[in-house]
Amino acid sequence: MNTLKQQWFGNIRGDVLAGITVALALIPEAIAFSIIAGVDPMVGLYASITIAIVISIAGGRPGMISAATGAMAVLMVGLVKDHGLEYLFAATILTGVIQFILGVFKVGRFITFVPHSVLTGFVNALAILIFMAQLTHFTGANWIMYAMVAGTLAIVYILPRFFKAVPAPLIAIIVMTIITMVFHLDVKTVDDMGKLASTLPMFHLPNIAWTWDTLMILLPYSFTMALVGLLESLLTATIVDEMTETKSSKNREVRGQGIANFVNGFFGGMGGCAMIGQSVINVKSGGRGRLSTFTAGAFLAILLLLLSGVVKEVPMGALVGVMFMVCIGTFDWSSVKNIARVPRAEAIVMVVTVAIVVYTHDLSIGVMVGVVLSVLHFGWKQTKIRVQTSQEQGQKIYRVVGPFFFGSSSHFVDKFNAEADPEEITIDFGGSHIWDNTAVVAIGKVKFKYAKLGKTVHLHGLNEESSRLLERSGFATSGGHGT
């Protein structure tokens, strides 16, 4: 109860103000992602409201913002185009079901398999993508737009030196909106992004045929959305963990994302997941608890219902300036500064991850390739098993050092010279561990080579797990020793 109380009411002022700031920043993003998916802007806004509110209760990472996202939006284009909006709602519901099931099986633990070089590449690529997405707002813009972005950044970075009671990004948005309205400036506003309706999300059962054929249509889209959404959410949760120096429950977050998307599909929203940009805004604005995420969703609903007239006048220059702040704060500048100091392979993995994500605009592909490259590099390093020889009491001893698995099995076999060796040899596995059946087969090959010459091989120093693996394969071992 103390933890729950702290997560909800331990930082009320900071969480509420941060949530309000995030709500304003969510509007153009949600509209833009709706356009990408080929649906009405309100679909993205409804999703942002519903997901933020539900995940604030069900999620495992307090202070992280989840809503409609671009990574999910690009996966919906084909479904909406071929089958219509109602199928999108159904696919979102199925996405939630798949994510919840994955959460029950605790797939959140697999985020630990993402190396730091890949995580850094993910962060840097996302910062670049956020920056590139803002450039479209400058198309056809006049000098006032540039001045407004500069003014917003000045407020964001200078004001906190003198005043910290209210988040600087929120003050910047309010000031720029007042200036725009008072002087009737000719600048792009939220209203130019898409029309806002003064309505709230309402319960809606997708109007589709609930049949097996329909399920087969939805499943490929939903499964892909589920995996991409979880990948981005878990990576964002890891980043927020580091920013706030706190820990989160990754498996609860997986289940929470599932619940949020399941509910969201019944309230006219498109699929969503965690948003690193808005999460950074929230953290840098002082948001730490669940109340900040809840406030973002609730205040967004209030803005649409009661203040849509004012929201329409928010200049895009102010919101672009805030997003530039996100880019600057998100990018890991030390990774560039220290790139010559880190191992070359890790630097390559980071650069490749960034390049693929920026080129494809698909975070999941970049991260997957980065992880595969890291695994291949790790596997290559581990294949360098060492086999040292010595003579003791007239007997030749081979000492194996390093992990013994499929990658190092060929190297192991090549280290033995059966013709030149004495009648008996000992292979000492005290510095090694036998991981798989390929390694067992390699040992069998060595023993067979010596057996053909009438020579004997003794196995020594096997740990308990290695002994069991050999015994199951038909080798006679006893107490970590065998012949």
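The rules behind each value
Residues numbered from 1 in each chain as written. Predicted model: local features only at pLDDT ≥ 70, side-chain atom pairs only at ≥ 80, totals over all residues. Heavy atoms only, no water. Salt bridge = Lys/Arg side-chain N within 4 Å of Asp/Glu carboxyl O. Helix = DSSP H or I, 4+ residues; strand = E, 2+ residues; numbered from the N terminus. Phe/Tyr/Trp six-rings, centres within 6.5 Å; stacked < 30°, edge-to-face > 60°. Buried < 20%, exposed > 50% of the residue type's maximum accessible area, 1.4 Å probe, protein only. Lys, Arg positive; Asp, Glu negative; His and termini not counted. Contact = heavy atoms within 4.5 Å. Arc of directions from axis to C-beta. Core = buried A, V, L, I, M, F, W, Y, C linked by side-chain atoms within 4.5 Å. Polar contact = N/O pair within 3.5 Å; in protein donor to acceptor, adjacent residues only side chain to side chain. pLDDT = per-residue confidence, 0-100. Axes fitted to C-alpha atoms, helices over the stretch in contact; angles between N-to-C directions. Parallel < 35°, antiparallel > 145°, perpendicular 65-115°, else oblique. Left-handed = near helix turned anticlockwise from the far one by under 90°. Nonpolar A, V, L, I, M, F, W, Y, C, P; charged D, E, K, R; others polar. Pairing = 2+ DSSP bridges.

## Focus: the pattern of salt bridges
Considering all chains together, one arrives at five salt bridges under this definition. Across the pair Asp428 and Arg399 runs a salt bridge whose closest N-O atoms are separated by 3.8 Å. On the criterion of sequence distance, the pair formed by Asp428 in strand S5 (residues 424-434) and Arg399 in strand S4 (residues 395-404) is long-range, its members being 29 residues apart. By sharing partners, the salt bridges in this structure join Arg61, Asp241 and Lys250 into a single network.

## A look at the packing of aromatic side chains
Per the stated rule, a full pass over the model turns up 15 aromatic pairs. The interplanar angle of 35° and the centroid separation of 5.0 Å between the aromatic rings of Phe138 and Tyr146 together place this pair among those described as tilted. Using a relative accessible area of 13% as the deciding quantity, one classes Phe138 as buried. Through successive ring pairs, a cluster of aromatic residues spans Tyr398, Phe404, Phe412, Phe416, Phe429 and Tyr450.

## A closer look at the side chain of Glu29
On the secondary structure map, Glu29 appears in helix H2 (residues 12-37). It turns out Glu29 is buried and unbridged, and the closest side chain with the opposite charge, Lys188, is 13 Å from it. The residues touching Glu29, leaving out its near neighbours within four places in the chain, are Gln134, Met275, Gln278 and Met323.

## Regarding helix H20 (residues 464-472)
Here H20 has its buried residues at Ser466, Ser467, Leu469 and Leu470. Projected down its long axis, H20 carries its buried residues within an arc of 160°, all on one side. Away from the buried face of H20 by more than 90 degrees, exposed residues Glu464 and Arg472 are located. Downstream of H20 by one or two residues, Gly474 has phi in the positive range, about 100°.

## Overview of the nonpolar core
Judged by nonpolar contacts, the single largest core of 103 residues is most densely connected at Leu45, Phe122, Val190 and Met270. Here this core takes twelve residues from H2, the largest share from any one element. Beyond its immediate chain neighbours, meaning those up to four positions away, Phe122 contacts Glu232, Leu235, Thr236, Ile239, Ile276, Thr353, Leu363 and Val367. The next biggest cluster of nonpolar side chains, apart from the first, holds 24 residues, and it includes Phe429, Val457, Leu459 and Leu462.

## Looking at the environment of Thr224
With respect to the secondary-structure elements, Thr224 resides in helix H9 (residues 212-244). On a C-alpha basis, the gap between Thr224 and Thr95 in space is 8.4 Å, while along the polypeptide they are 129 residues apart. In this structure the side chain of Thr224 is engaged in a polar contact, spanning 2.9 Å, whose partner is the backbone oxygen of Pro220.

## Here's the deal with the side chain of Ser117
Take Ser117: it is sitting in helix H6 (residues 116-135). Beyond its immediate sequence surroundings of up to four residues, Ser117 is in contact with Glu346, Val349, Met350 and Ser374.

## Section: the confidence of the model for the chain
For the chain, mean pLDDT is 89; residues scoring 70 or higher make up 98% of the total. Between residues 477-483, whose pLDDT stays under 50, and residues either more than four places distant or in other chains, the model counts 21 contacts.

## As for the packing of H6 against helix H14 (residues 316-330)
Two elements in contact, H6 and H14, have axes whose closest approach is 8 Å; the angle formed by their N-to-C orientations is 160°. As the angle between them shows, H6 and H14 are arranged roughly antiparallel. Where H6 crosses over H14, the two elements pack in a sense that is left-handed. When H6 is examined against H14, the residues Val123, Ala127, Ile130, Phe131 and Gln134 are found in contact with a partner set consisting of Val320, Met323, Phe324, Val326, Cys327 and Thr330. The residue inventory of the contact of H6 with H14, partitioned by class, reads nine nonpolar, two polar and no charged.

## Some thoughts on the pairing of strand S3 (residues 386-392)
The sheet contact formed by S3 and S4 spans seven bridges and is antiparallel. Each residue of the ladder has a partner; that of Gln388, found in S4, is Arg399. Counting the residues in the hairpin turn of S3 and S4 gives two residues, including Gln393, whose phi is positive at 55°.

## Looking at the pairing of S5
Within S5, eight of the eleven residues are buried, leaving the element largely enclosed by the surrounding structure. Relative to S5, S4 is paired through eight bridges, and the arrangement is parallel. Looking across to S5, one finds that Gly402 is bridged to Ser432. Bridge count for S5 against strand S6 (residues 456-460) is five bridges, and the pairing is parallel. Within the sheet, the bridge partner assigned to Glu424 lies in S6 and is Thr456.

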